[in-house]
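So the chains spell out like this:
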Amino acid sequence: MTLLVLRKLMVASHPNQGLSSATFVPTMNRRPPTIVCYICGREYGTKSIAIHEPQCLKKWHNENNLLPKELRRPEPIKPEVRTINAKGFYDLKALNEAAWTSAQSLLIPCHICGRTFLPDRLIVHQRSCKPKFAK
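For clarity, every value in this text was computed on a predicted model and none was experimentally measured. (Residues numbered from 1 in each chain as written. Predicted model: local features only at pLDDT ≥ 70, side-chain atom pairs only at ≥ 80, totals over all residues. Heavy atoms only, no water.)

Tallying secondary structure elements over the protein gives three helices and six strands in all. Ordered by position in the sequence, the α and β elements of the protein form the string β-β-β-β-α-α-β-β-α. Within the protein, the proportion of its 135 residues that are buried is 24%. Considering only contacts in the protein between residues 6 or more positions apart, those separated by 24 or more positions represent 32%. Accessible surface, the protein: about 10,900 Å² in total, of which carbon and sulfur atoms supply 58%. (Helix = DSSP H or I, 4+ residues; strand = E, 2+ residues; numbered from the N terminus. Buried < 20%, exposed > 50% of the residue type's maximum accessible area, 1.4 Å probe, protein only. Contact = heavy atoms within 4.5 Å. Areas by Shrake-Rupley, 256 points an atom, 1.4 Å probe, with all protein chains shown as cover.)

On to the state of the cysteines, then. Taken as a whole, this structure holds zero disulfides when the rule is applied. Left without a disulfide partner, Cys56 is nearest to the cysteine sulfur of Cys37, which lies 3.9 Å away. (Disulfide = S-S within 2.5 Å.)

This next bit is on helix H1 (residues 49-66). Between the first and last C-alpha of H1 there are 25 Å, a value that for 18 residues agrees with the 26 Å anticipated at 1.5 Å per step. Against the buried residues of H1 lie strand S3 (34-36) and strand S4 (43-45). (Expected span 1.5 Å × (residues − 1).)

Turning our eyes to something else, we now look at the confidence of the model for the protein. Overall, the prediction assigns the protein a mean pLDDT of 78, with 74% of residues at 70 or greater. The least confident element of the protein, judged by mean pLDDT, is strand S1 (residues 6-11) at 34; the most confident is H1 at 93. Scored below 50 in pLDDT, residues 1-15 makes 27 contacts in the model with residues more than four places away or belonging to other chains. (pLDDT = per-residue confidence, 0-100.)

For the rest of this paragraph, the subject is the nonpolar core. Generally speaking, nonpolar side chains in soluble globular proteins are found buried as a group. Among the nonpolar cores identified, the biggest contains 13 residues, and Cys37, Tyr38 and Ile39 are the most heavily contacted of them. At the level of secondary structure, the elements contributing two or more residues to this core comprise S3, H1 and helix H2 (92-105). Sequence-distant contacts of Cys37, defined by excluding residues within four places in its chain, comprise Arg42, Tyr44, Ile49, His52, Cys56, Ala99 and Ala103. Counting residues in hydrophobic clusters, the runner-up holds seven residues, among them Leu71, Cys110, Phe117 and Leu122. (Core = buried A, V, L, I, M, F, W, Y, C linked by side-chain atoms within 4.5 Å.)

Relative to the helices and strands, Thr116 is located in strand S6 (residues 116-117). Counting along the chain gives ten residues from Thr116 to Leu106, while the straight-line C-alpha distance between them is 9.3 Å. For Thr116, the contacting residues outside a window of four places in its chain are Leu107, Ile108 and Pro109.

With that settled, consider the pattern of salt bridges. Tallied over the full model, the rule gives four salt bridges. Of the charged contacts, one joins Glu43 and Arg31 as a salt bridge, the two residues approaching to 2.9 Å between their closest N and O atoms. Taken together, the positions of Glu43 in strand S4 and Arg31 in the loop between strand S2 (21-26) and S3 put the pair twelve residues apart, joining distant regions of the chain. Among the residues examined, Glu43 registers a relative accessible area of 44% and is labelled partly exposed. Judged by its relative accessible area of 58%, Arg31 is exposed. Between Glu63 and Lys59 there is a salt bridge, and its shortest N-O distance comes to 4.0 Å. (Salt bridge = Lys/Arg side-chain N within 4 Å of Asp/Glu carboxyl O.)

So this is what it looks like as structure tokens:
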């Protein structure tokens, strides 16, 4: 549940009207906590990540099986981060960093320009990638 916290700011009298008024300005809302998927690198809510991960892994297997054998990758392994803070909760920052690193490790560099891509996008990229020649 997101609560919109309002704080009261006193505004100086308007010089033309001589009126003093108070306005309410919303403060920054804090985003709900999210967890990064270790396969695709996208952020999901703490409740929906458990639904997303098995579906994402199934999609990854389907896409990986369609790739040529030289571009197929081993199955991504979920990073194990057991850092628990003083309140007894997992350290989401450490968990998300490990998941992001895992997702980024699935990218394959182009042998021409060095940019990294998902395996299915690398094939498309390599059709148009041209080596840069020194002028």
